[in-house]
Amino acid sequence: MTTKMTRRDWLTGSATAAAATLALSGTKATAQTFMQPNVNPTAENPIRAHFNENPYGQSKMAIKAMKDAFDKSHLYTFREVFDLMGLMAELEDIPFEYVTLGAGSTEILEKAAVLNHVSGGAVMSPTPTYGDIARFSKTLGTKLIEVPVGDDLAINLEAMRAAMTDEVKLIYLCNPNNPIPTIIEKNALKEFITEMSNRGVTVLVDEAYHEYVDNPDYESMVSMVRENKNVIVTRTASKIHAFAGVRIGICYSHPDFVQKSYGLFSNTLNYTAIRGAMASYRDTEYQAFLKQKNKECLEICYEMFEELGLEYVKSNANFTFFNAGRPALEVAETMKKHHILTGREFKLYSNWVRLSMTKPEEMKYFVEKYKQEYA
Ligand SMILES: Cc1ncc(COP(=O)(O)O)c(C=O)c1O
């Protein structure tokens, strides 16, 4: 028996039924079985709501491109790396010289932290936020100033201004932030970047969750890179493109930073990742599907938060943040018994849980188990 699955079936979810048919018939399924929700999680195969990954996996086109590329992966990527840089430049309508790539955006954060340390600057970062820049800075012995988010849980630019010193040469802003998925209002952010840049301070805006944002107050800061030497924008293929284990990160910055970073580090990209990313970024249909699924997941969670009267943050990313009224670690232990993994504890917000969106059916399962424990 053969079951033909169209791209439309796959995107609309009828693929689940088709894949199940294949499995039942004993035919070796070539369908993307990761489209099926995990509603019978086990210790070995839990619902992974703790790492902000993309549970649907990569675009079919990206998978094909990676499989095809494997045959050429004995070659260095001298030319291919420029192909991907070209695509990233084209997508953001920015000259090619403003683009650098890394094996994940972590590599770019490392470069920024190292270059800042070498130049003798201190670092300023909000807290809580994505911790890499703070961690690298501590390891390097760079002075680090951390500024708590505001009462509205958003990054507090006023407080950051007030905490500024002449030593600070790098400011890290994660927008949308992580673990709290708030955004910084676009005009306030532009003003802040211009002001800091005029003081000779570089602002690094980490836009790892850019593709998920649907908020008129948000704007990518790539537009500022053209006019401004002191702004660096990072993106990652790890989130909506599901490349967390494949590793592609993108950096938009002035060619000065590009040159400095090339002077210190080398090309770490692999052939399959480059080819996969070329295909993935062109597959806008799949990105739209994932965005829609993410919204559905968030709505399922919001409904429970409202019902149980739990404080929560309306998300601009693929995770939410809610006040469980009990330690996040306790919630994690309890949910783990149901084979659902939830976020770790975050400094200053120990009763708040970061919950990554997985698939709607899985979030319903989470809601069922959460209510069983705590309603
Ligand atoms: C805000 C933020 N920046 C960067 C990263 C690192 O991503 P990558 O996989 O591109 O190294 C993450 C990963 O979770 C993140 O949340």
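Not measured: the values here are computed from a predicted model.

The rules behind the values
- Residues numbered from 1 in each chain as written.
- Predicted model: local features only at pLDDT ≥ 70, side-chain atom pairs only at ≥ 80, totals over all residues.
- Heavy atoms only, no water.
- Near = heavy atom within 4 Å.
- Polar contact = N/O pair within 3.5 Å; in protein donor to acceptor, adjacent residues only side chain to side chain.
- Areas by Shrake-Rupley, 256 points an atom, 1.4 Å probe, with all protein chains shown as cover.
- 1 Å grid on protein atoms, 1.4 Å probe; cavity = no way out; pocket = protein on both sides within 12 Å on 5 of 7 lines; lining within 4 Å.
- Sits in = over half its atoms within 2 Å of the grid points.
- Nonpolar A, V, L, I, M, F, W, Y, C, P; charged D, E, K, R; others polar.
- Domains from an automatic or database assignment.
- Contact = heavy atoms within 4.5 Å.
- Buried area = accessible area lost by both parts, 1.4 Å probe.
- Pairing = 2+ DSSP bridges.
- Helix = DSSP H or I, 4+ residues; strand = E, 2+ residues; numbered from the N terminus.
- Axes fitted to C-alpha atoms, helices over the stretch in contact; angles between N-to-C directions.
- Parallel < 35°, antiparallel > 145°, perpendicular 65-115°, else oblique.
- Left-handed = near helix turned anticlockwise from the far one by under 90°.
- Phe/Tyr/Trp six-rings, centres within 6.5 Å; stacked < 30°, edge-to-face > 60°.
- Buried < 20%, exposed > 50% of the residue type's maximum accessible area, 1.4 Å probe, protein only.
- Lys NZ or Arg CZ within 6 Å of the ring centre and 35° of its normal.

### Here's the deal with the site of the ligand
Residues in contact with the ligand amount to 13 residues; listed here are only the nearest, Ser105, Thr106, Asp206, Thr236 and Ser238. Between the ligand and aspartate 206 there is a distance of 2.6 Å, counted from a nitrogen atom to a side-chain nitrogen or oxygen. Tyrosine 209 places a polar side-chain atom, nitrogen or oxygen, 2.7 Å from an oxygen atom of the ligand. Relative to its unbound accessible surface of 400 Å², the ligand loses 93% to contact with the protein. Its atoms largely coinciding with the cavity grid, the ligand occupies the largest pocket. Broken down by class, the residue content of the shell around the ligand amounts to 4 nonpolar, 6 polar and 3 charged.

### Side note on the domain arrangement of the protein chain
When its domains are assigned, the protein chain resolves into domain 1 (41–56 + 284–374) and domain 2 (63–282). Distance from the C-alpha centre of domain 1 to the C-alpha centre of domain 2: 26 Å. At the interface, 24 residues of domain 1 touch 28 residues of domain 2. When residues of domain 1 are sorted by the area they lose upon contact with domain 2, Gln287, Lys291 and Asn316 head the list and together hold 29% of the total.

### Examining the sheet that holds strand β12 (residues 352–356)
Here we have 3 strands laid out as an open sheet, ordered β9-β10-β12, and antiparallel in their pairing. Taken across any chain shown, the strands that pair with only one partner, and hence form the sheet edges, are β9 (312–313) and β12. In this sheet, strand β10 (residues 319–323) lies alongside β9 in antiparallel orientation, the contact comprising 2 bridges. Residue pairing for β10: valine 313 is matched across the bridge by phenylalanine 321.

### Observations concerning the packing of helix α4 (residues 80–92) against helix α11 (residues 271–282)
Following both chains from N to C, one finds α4 and α11 inclined at 25°, their axes separated by 9 Å at the closest point. With respect to α11, the axis of α4 lies roughly parallel. In this structure, α4 meets α11 at a crossing whose hand is left-handed. On α11, the residues touching Glu80, Val81, Asp83, Leu84, Leu87, Met88 and Leu91 of α4 are Tyr271, Ile274, Arg275, Ala277, Met278, Tyr281 and Arg282. Class assignment for the residues of the contact of α4 with α11 results in 10 nonpolar, no polar and 4 charged.

### What to know about the packing of helix α3 (residues 60–70) against α11
Across the interface, α3 lies against α11 with an axial gap of 8 Å and an inter-helix angle of 150°. Between α3 and α11, the crossing angle belongs to the class labelled roughly antiparallel. Here α3 runs over α11; the crossing is right-handed. Side by side, α3 and α11 meet where Met61, Ala62, Ala65, Met66, Ala69 and Phe70 of the first sit next to Tyr271, Thr272, Arg275, Gly276, Ala279 and Ser280 of the second. Split by residue class, the contact of α3 with α11 holds 8 nonpolar, 3 polar and 1 charged.

### Details of the packing of aromatic side chains
Centre-to-centre distance and the angle between the planes together describe a pair of aromatic rings. Summed over the entire model, instances satisfying the criterion amount to 15 aromatic pairs. Residues tyrosine 370 and tyrosine 374 carry aromatic rings whose centres are separated by 4.8 Å and whose planes lie at 55° to one another, so their mutual orientation is tilted. On the criterion of helical spacing, the pair formed by tyrosine 370 and tyrosine 374 is a turn pair, its members being 4 residues apart in helix α14 (residues 360–374). Per residue, the accessibility class of tyrosine 370 equals that of tyrosine 374, and both read buried. Across the ring face of phenylalanine 319, the terminal group of arginine 354 is positioned such that the distance to the ring centre comes to 5.9 Å. The residue whose ring lies beneath lysine 359 is tyrosine 56, and the NZ or CZ to ring-centre distance is 5.2 Å.

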